[in-house]
Amino acid sequence: MRAAWGLLALGLLVGGPGVADAATSSRTQYSGVVNLNEASASELDLLPGVGEKAAQRIIQHRGKRPFQRVEELVRVKGFGRKKFLKLKAHLTLNGPTTLKVEQVAPPPEGKEVVAANN
């Protein structure tokens, strides 16, 4: 009986008002790339999960030795394999930094977004 009450309480906590709020809030969408060898601290700071201090560590690292491969980011303190894999699609060593961050509203409730194949 105790287990049943515990599961009921857990269900109420999980499905509480916070869930609906999260579903209606906007989400962040990233497009473009950041050049690890040329980006400014503010451009590096745009990357998901990278703050001002992490951006400064990247700049210090490339000052000693420019990145030869984007995978070398894991040599910078605070960047492990998991974080690197999250950022990999937005990293480059060639060309300009083009990363854009946009807040995208979720689709209206009850409607699905379907991509058309043309």
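Per chain, residue numbering runs from 1 following the sequence as it is written. Only residues with pLDDT of 70 or above have their local features reported here, since the model is predicted, and side-chain atom pairs are shown and tallied only from 80 upward, although totals for entire chains, interfaces and linings are computed over all residues. Side-chain metrics rest on all non-hydrogen atoms present in the structure, leaving aside hydrogens and water.

Asks: Honestly, the overall build of the protein in this entry has me stumped. Any pointers?
Replies: For the protein, the count of helices and strands is five helices and four strands. Under the DSSP-based scheme used, a helix requires at least four consecutive residues in state H or I and a strand at least two consecutive residues in state E, with every element numbered from the N terminus. Starting at the N terminus, the α and β elements of the protein follow one another as α-α-β-β-α-α-α-β-β. Buried positions account for 22% of the 118 residues belonging to the protein. Contacts: residue pairs with any heavy atoms within 4.5 Å of one another. The contacts of the protein with a sequence gap of at least 6 include a subset with a gap of at least 24, amounting to 60%. Throughout, the Shrake-Rupley method with a 1.4 Å probe supplies accessible areas, and for residues the shown protein chains are the sole cover considered. Total accessible area on the protein is roughly 8,700 Å²; 56% of this is exposed by carbon and sulfur atoms. Exposure categories follow from relative accessible area, calculated using a 1.4 Å probe and restricted to protein chains: below 20% of the type maximum is buried, above 50% is exposed, and the middle band is partly exposed.

Asks: How should I be thinking about the environment of leucine 73 in this particular structure?
Replies: Note on placement: leucine 73 falls in the loop between α4 (52-64) and α5 (81-87). Among the residues examined, leucine 73 registers a relative accessible area of 1% and is labelled buried. Between the C-alpha atom of leucine 73 and that of phenylalanine 84, which follows or precedes it by 11 residues, the distance is 7.0 Å. Non-local contacts of leucine 73, meaning those with residues more than four positions away in its chain, are made with Leu36, Ile58, Phe67, Phe79, Phe84, Leu87 and Leu91.

Asks: Just checking my understanding: could you explain the UniProt feature "domain: Helix-hairpin-helix DNA-binding motif class" (unreviewed entry) in the protein for this structure?
Replies: Those residues carrying the UniProt feature "domain: Helix-hairpin-helix DNA-binding motif class" (unreviewed entry) are residues 42-61 and 71-90 in this numbering. A distance of 12 Å separates the end C-alpha atoms of residues 71-90, which is 35% helix and 0% strand. UniProt positions are given in the numbering used here, feature names are shortened, and annotations may be inferred rather than shown by experiment.

Asks: What should I look at first to understand the pattern of salt bridges in this one?
Replies: Pairing of side chains with opposite charge becomes possible as their charged atoms draw close. Salt bridges, as used here, are contacts in which a Lys or Arg side-chain nitrogen is within 4 Å of a carboxyl oxygen on Asp or Glu. Scanning the entire structure with this criterion turns up one salt bridge. We note a salt bridge from glutamate 71 to arginine 69, for which the minimum N-O separation is 3.8 Å. A relative accessible area of 30% means that glutamate 71 is categorised as partly exposed.

Asks: Which parts of the structure should I look at to understand the nonpolar core?
Replies: Nonpolar side chains in soluble globular proteins tend to end up buried together. Buried residues of nine kinds, namely Ala, Val, Leu, Ile, Met, Phe, Trp, Tyr and Cys, make up a nonpolar core once their side-chain atoms join them within 4.5 Å. The biggest cluster of nonpolar side chains holds 18 residues, and the ones touching the most others in it are Leu36, Leu44, Leu47, Ile58, Leu73, Phe79 and Leu91. Of all elements in the fold, only α4 and α5 reach the threshold of two or more residues within this core. A total of three residues in this core trace back to one element, the largest contributor, which is α4.

Asks: Please clarify how the packing of aromatic side chains should be interpreted in this entry.
Replies: Given two aromatic rings, their pairing is described by the distance between the two centres and the angle made by the two planes. Pairing of aromatic side chains here covers Phe, Tyr and the six-membered ring of Trp, requires ring centres within 6.5 Å, and sorts the geometry by plane angle: under 30 degrees stacked, over 60 edge-to-face, intermediate tilted. Using the criterion set out here, one finds zero aromatic pairs in the structure. Cation placement over rings: the criterion is NZ of Lys or CZ of Arg within 6 Å of the ring centroid and within 35° of the ring normal. Against the face of phenylalanine 79 rests lysine 83, its NZ or CZ located 4.9 Å from the ring centre.

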